[in-house]
Amino acid sequence: MSVAENNVSEALREGAVIPAASRAERFTSYDVAAFEVPGGREENWRFTPMKRLRGLHDGTAAASGEITLETDAAPELKIETVGRDDARLGEAGVPSDRIAAQAYSSFTQATVVTVPKESKASKASTLRVHGPGEGKVAYGHLQVRAEAFAEAVIVLDHVGSGTYADNVEFVIGDSAKITVVSVQDWADDAVHVSEQHLRLGRDATLKHTVVTLGGDLVRVSPTATFADKGGDVEMLGLYFADAGQHQEHRLFVDHAVAHCKSNVMYKGALQGNDAHTVWIGDVLIRAAAEATDTYELNRNLVLTPGARADSVPNLEIETGEIEGAGHASATGRFDDEQLFYLQSRGIGEEAARRLVVRGFFHEILVRIGVPEVRERLEAAIEAELEAVGA
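These numbers were taken from a predicted model, which means no experiment stands behind them.

A. Looking closely at the overall build of the chain. When helices and strands are counted, the chain shows five helices and 18 strands. With 390 residues in all, the chain has 53% of them scored as buried. Taking as baseline every contact in the chain between residues at least 6 positions apart, the subset at least 24 positions apart corresponds to 87%. Of the roughly 16,400 Å² of accessible surface on the chain, 47% is carried by carbon and sulfur atoms.

Below, the structure is given as structure tokens:
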């Protein structure tokens, strides 16, 4: 046995986490049985409080309810309810963990939203998902298809109670320009585990924003892939965790095609005992992905003692022929210098703290291209600050 093999064997005996050697080795399957039941020590699950998943991960969470989908869509969009046998489903990506596979095998009907070729939506479209209700479990599937040269803004809004797992697909056609805002504004009892698959065609542009505010446990895992050259994806995130909440965001950008761009920026704030946020940002630049330009950034602001933020950026590069690549992560409390500066100009401490938090989130808020959503988020942040007394 080699030294490396011996070290791995010893680590396994001690119960250590052994991550995959490369994100390129990530396993995917539609089959639930192809995945082992996670115990919480695996790299993909080590931050997740498994007992709070309510059986989504081990097959004991049988569907006992249904979601309700409320739509307010632009007239140019086509919305269909389809069966499991629709050939379009699964086009954007394959489940990469057991809960996503469970969700894929458990839904009975899916919703497909199509932005027709060369059309431009006349208004932002909202798809509001109401949870199955307190004590109930549901599984779902949604696909958004933007055909070539289409343009649209789509808001996916999650509200209500219950336990919900789903797969969401975004199939972005050649030269299409799509803005997506996924809001998780659940009631306090809700558990939501979602895998989101983003697939960009040639010269396609996608701005994908995840906003997480409510819920007991929320875990969102967006994966971006490129079908052809010229794709450009911007992945933004804003989250605010209160006492006892667990919010987890796991991103993977897979650059397997040359001349594509990605930019990731997530910012979160935490307050209260046992508030916990997790951000994992994985970017893989494969050997064939020459002239890639990518950057990822995560910032966390801890507002009170007892809150914890975990942040793990990972960048893997298999070719030296790139335009640029980098990552950064930081977690901290209020900047004393900023507070001192504001207070020295006659601003009270409480007002100064509010200004610092607003400024912290401003860079994300100004990039949200839906005014009503931006105003809603600003009000939600204000309400959070009222609760903490900042």
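B. Main features of helix 2 (residues 98–106). Across the nine residues that make up helix 2, a large majority, seven, are buried. R98, I99, A100, A101, Q102, A103 and Y104 are the residues of helix 2 that are buried. The inward-facing, buried residues of helix 2 contact strand 5 (137–146), strand 7 (163–172) and strand 9 (191–200). Its side-chain oxygen at 3.0 Å from the backbone nitrogen of I99, D97 defines the N-terminal cap of helix 2.

C. Region of the structure containing the packing of aromatic side chains. Summed over all chains, the structure comprises seven aromatic pairs. Ring centres of F27 and F35 lie 5.2 Å apart, and the angle between their planes is 70°; this geometry places the pair in the edge-to-face category. Ring centres 5.6 Å apart and planes at 85° place the aromatic pair Y104 and F107 in the edge-to-face group. Grouping residues by exposure puts Y104 and F107 together as buried. Grouped by ring-pair contacts, the aromatic residues Y30, Y104 and F107 constitute a single cluster. Positioned over the ring face of W45 is R219, at 3.8 Å from the centre of the ring.

D. Representation of the sheet that holds strand 17 (residues 308–317) in the model. Spatial strand order, 2-3-5-7-9-11-13-15-17: nine strands in an open sheet with mixed pairing. In this open sheet, the two edge strands, each paired with only one partner strand, are strand 2 (78–83) and strand 17. Along the sheet, successive strands turn relative to each other by an average axial angle of 10°, direction set aside. As paired strands, strand 9 and strand 11 (residues 217–226) are joined by ten bridges and run parallel to one another. In the sheet register, S194 faces strand 11, and the bridge partner there is V220.

E. Region of interest: the side chain of R98. Its place among the elements puts R98 in helix 2. One buried charged side chain, R98, makes no salt bridge at all; its nearest oppositely charged neighbour is D58, positioned 6.2 Å away. Polar contacts involving the side chain of R98 include one to the main-chain carbonyl oxygen of F35, which spans 3.3 Å. For R98, the side chain forms a polar contact with the main-chain oxygen of H57, separated by 3.2 Å. Each residue touching R98, except ones within four places of it in the same chain, is listed here: V32, F35, E36, V37, P38, H57, D58 and G59.

F. Main features of the nonpolar core. Counting residues in hydrophobic clusters, the biggest one holds 46 residues, and the most contacted among them are I172, L198, L206, V233 and M235. In contact with L198, not counting residues within four places along its chain, are F170, L206, H208, P222, T223, A224, T225, V233 and M235. Judged by nonpolar contacts, the second largest core, of 25 residues, contains V211, L238, L297 and V373.

G. Highlighting the pattern of salt bridges. Inspection of the entire model under this criterion finds 20 salt bridges. The partner of R250 in a salt bridge is E248, and the shortest N-O contact between them spans 2.8 Å. Neither R250 nor E248 differs from the other in exposure class; each is buried. Taking the shortest distance from any N to any O, the salt bridge between R367 and E363 comes out at 4.0 Å. For E363, a relative accessible area of 32% translates into the label partly exposed. Within this structure, E70, R128, D157, D185 and R376 form a network of salt bridges that share partners.

H. Inspection of the environment of A256 at higher detail. With respect to the helices and strands, A256 occurs in the loop between strand 13 (246–255) and strand 14 (261–270). Residue classification places A256 among the partly exposed residues on the basis of a relative accessible area of 34%. With 29 residues separating them in the primary sequence, A256 and I285 have C-alpha atoms 6.5 Å apart. In this structure, A256 is in contact with R286, A288 and A289, ignoring residues within four places of it in sequence.

I. Region of the structure containing the sheet that holds strand 6 (residues 151–159). Across the sheet, which stays open at both edges, the nine strands sit in the order 1-4-6-8-10-12-14-16-18 with mixed pairing between neighbours. Looking at which strands have only one partner, the edges of the open sheet turn out to be strand 1 (68–72) and strand 18 (324–332). On average, each strand axis in the sheet is tilted by 10° relative to the strand beside it, whichever way the strands run. In this sheet, strand 12 (residues 232–241) lies alongside strand 10 (residues 205–212) in parallel orientation, the contact comprising eight bridges. Along strand 12, the bridge assignment pairs K207 with E234.

J. Region of interest: unusual backbone geometry. The backbone of E118 shows a phi angle near 60°, a positive value even though the residue is not glycine. Mapping E118 onto the fold places it in the loop between strand 3 (109–115) and strand 4 (125–130). Not every positive phi belongs to a glycine, and F149 is a case in point at roughly 65°. Turning to its location among the elements, F149 is positioned in the loop between strand 5 and strand 6. Residue F149 is classed as partly exposed on the basis of its relative accessible area, which comes to 49%.

Definitions and cut-offs
- Residues numbered from 1 in each chain as written.
- Predicted model: local features only at pLDDT ≥ 70, side-chain atom pairs only at ≥ 80, totals over all residues.
- Heavy atoms only, no water.
- Helix = DSSP H or I, 4+ residues; strand = E, 2+ residues; numbered from the N terminus.
- Buried < 20%, exposed > 50% of the residue type's maximum accessible area, 1.4 Å probe, protein only.
- Contact = heavy atoms within 4.5 Å.
- Areas by Shrake-Rupley, 256 points an atom, 1.4 Å probe, with all protein chains shown as cover.
- Polar contact = N/O pair within 3.5 Å; in protein donor to acceptor, adjacent residues only side chain to side chain.
- Phe/Tyr/Trp six-rings, centres within 6.5 Å; stacked < 30°, edge-to-face > 60°.
- Lys NZ or Arg CZ within 6 Å of the ring centre and 35° of its normal.
- Pairing = 2+ DSSP bridges.
- Axes fitted to C-alpha atoms, helices over the stretch in contact; angles between N-to-C directions.
- Lys, Arg positive; Asp, Glu negative; His and termini not counted.
- Salt bridge = Lys/Arg side-chain N within 4 Å of Asp/Glu carboxyl O.
- Core = buried A, V, L, I, M, F, W, Y, C linked by side-chain atoms within 4.5 Å.

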